[in-house]
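Next come the chains, spelled out residue by residue.
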Amino acid sequence: MIPDPRRPRLFVTGLGLLTPIGNGAWPTFSALLGGKRLTDRLERYLPDVPPGKIVAGIGGVAVARIVADDPAVELAERAAREACERAGVPHQGLPAFLGTSKGAVAQVGTGVGAAGAPFAPSPEWYAMGPHGYLSQRLRQRLQLRVMTHTVAACASSLVALDAARRWLLEENAAEPRSHALVLTSEAALTPVFIHSYQRLGVLAAPTAEGYRQNPLAQRRGGFVLAETGAAVVLKKIGDGEKIPHGAVELLDTGCLAEGYDLLRTSHQMAAIEQLAAQFAAVRKIDALHPHATGTPEHDPAEIAALARACGASASGTPLYACKGALGHGLGAAGLTAFVLACLACRSGRMPPMKWLEDGTMPLPGGFLAHAAGCTLPMGSAHAVFAAGFGGHTAGALIAGA
């Protein structure tokens, strides 16, 4: 694709990520390249461990376990600080676009904090709710200028990315727009949410033997829930301006709503197909990062939709499903996959998916899923997707600069 010289270009200049297997973006990616999974620690669990302790123990991020505030606030703050430090921009006054599904909910109905100590929600929390509280606490801690807080189920953080991109590209002579922070976190490993996903039939069997998330595999049992914090800094570059070293270009974003069912995914997944076709019209997609939840119904429907959109160009295109290693970060899942796609783009490497060693589900269109990982040429284009309850759908297209 030849950029339009009249239109500014957007680049990802800072990345932040906290997951159960890594305290930072590159540490997490390095762990993924080494084949690490958050469920590796299940080997230390005895068979009689209660399901709730398995889910919370496997999916928790260590730095958020003992905090004075809600762990979602802690995860978001740390991810934002890392992204801003990498981008070389101060976080004070930075326009921020938040996207979360649950918000700050760790204390809902429990009366205890994340570490089990007595915890009394503040009057602010009762007044503003979990999403308003998270926004307000980040304003206080980081002096961010919170522009929007999107709630769109598992697509929340990629919808926030789309909002940030559109805001940066708007012409506004009275307010020069150069940077934006996209920020997300989820820490909802509480009994009420664990049981709700279990009742819906989308949670993997919460036992030491069965609690695995295996997207794109022949045997797919459901979600492994995980805490996550992720952030990216976007920078607008005008014609003739120098592109930052190591930056990844954000070529396109999109978000759609598919009113099929309150919870269930459409069998056609027309929204995913439309977004993939939109991205394929911008430039050839070299790698795909599907939402791929690891449930029996979702994965085949999504990959079929991507194959229809990409057509003949799909043959040989690798897929990477990060939830098999990191679990499902709910509203943070989309931006988590986006951060990993940026790192894959910069390194030219796609992490292994060791859970596919026992067999990959049928992949239409000639797509490939490499259990041992693969390499890609530098400058490759990656497309990332997220799809949530209620038909919320979003995606993004990036390429190496």
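Preceding this section is the structure that the text describes.
These figures come from a predicted structure and were not determined experimentally.

(A) Inspection of helix α6 (residues 191-200) at higher detail. Listed as buried for α6 are Phe-193, Ile-194 and Tyr-197. Down the axis of α6, the buried side of the element spans an arc of 105°, and every buried residue falls inside it. In α6, the exposed residues that point more than 90 degrees away from the buried face are His-195 and Arg-199. The secondary structure elements touched by the buried residues of α6 are α2 (51-59). Backbone geometry just after α6 places Gly-201 at a positive phi near 85°.

(B) Region of the structure containing the nonpolar core. In terms of nonpolar packing, the biggest core is built from 104 residues, with Tyr-211, Leu-225, Val-232 and Phe-338 touching the most fellow members. Among the elements that make up this core, the one with the highest residue count is helix α10 (residues 333-347) (10 residues). The residues contacting Val-232, other than those within four sequence positions of it, are Val-12, Gly-14, Leu-15, Ala-83, Leu-161, Ala-180, Leu-181, Val-182, Leu-335, Phe-338 and Val-339. Ranked by size, the runner-up nonpolar core spans 28 residues in total, among them Ala-80, Leu-98, Leu-134 and Leu-138.

(C) Region of interest: the packing of aromatic side chains. Overall, the coordinates contain 6 aromatic pairs when judged by the stated rule. Measuring from centroid to centroid gives 5.4 Å for Trp-125 and Tyr-126, while their planes differ by 85°, and the two rings are edge-to-face. In this structure Trp-125 comes out as buried when scored by relative accessible area, which is 12%. Between Phe-279 and Phe-385, the aromatic rings sit 5.8 Å apart at their centres with planes inclined by 35°, giving tilted as the arrangement. Of this pair, Phe-279 sits in helix α7 (residues 270-282) while Phe-385 sits in strand β11 (residues 381-387), and the two are 106 residues apart along the sequence. Side by side, Phe-279 and Phe-385 carry an identical accessibility label, which is buried. In textbook terms, an aromatic cluster arises when at least three aromatic residues are bridged by ring pairs, as seen for Tyr-197, Phe-223 and Phe-389.

(D) Just the pattern of salt bridges, in detail. Applying the stated criterion across every chain, the model contains 16 salt bridges. One salt bridge in this structure joins Arg-166 and Asp-162, with 2.8 Å as the shortest N-O distance. A residue pair is termed a helical-turn pair when its members lie 3 or 4 positions apart in one helix, as Arg-166 and Asp-162 do in helix α5 (residues 156-169) at 4 residues. Note on Asp-162: relative accessible area 4%, which makes it buried. The shortest N-O distance in the salt bridge between Asp-261 and Arg-264 comes to 3.3 Å.

(E) Examining unusual backbone geometry more closely. The phi dihedral of Ala-153 is positive, around 55°, even though this residue is not glycine. For Ala-153, the position within the fold is in the loop between β4 (145-150) and α5. Using a relative accessible area of 15% as the deciding quantity, one classes Ala-153 as buried. Positive phi outside glycine occurs at Leu-216, with the angle close to 70°.

Rules used in this analysis
Residues numbered from 1 in each chain as written. Predicted model: local features only at pLDDT ≥ 70, side-chain atom pairs only at ≥ 80, totals over all residues. Heavy atoms only, no water. Buried < 20%, exposed > 50% of the residue type's maximum accessible area, 1.4 Å probe, protein only. Helix = DSSP H or I, 4+ residues; strand = E, 2+ residues; numbered from the N terminus. Arc of directions from axis to C-beta. Contact = heavy atoms within 4.5 Å. Core = buried A, V, L, I, M, F, W, Y, C linked by side-chain atoms within 4.5 Å. Phe/Tyr/Trp six-rings, centres within 6.5 Å; stacked < 30°, edge-to-face > 60°. Salt bridge = Lys/Arg side-chain N within 4 Å of Asp/Glu carboxyl O.

In short, the description is geometric, and any link to function would need to be established separately.
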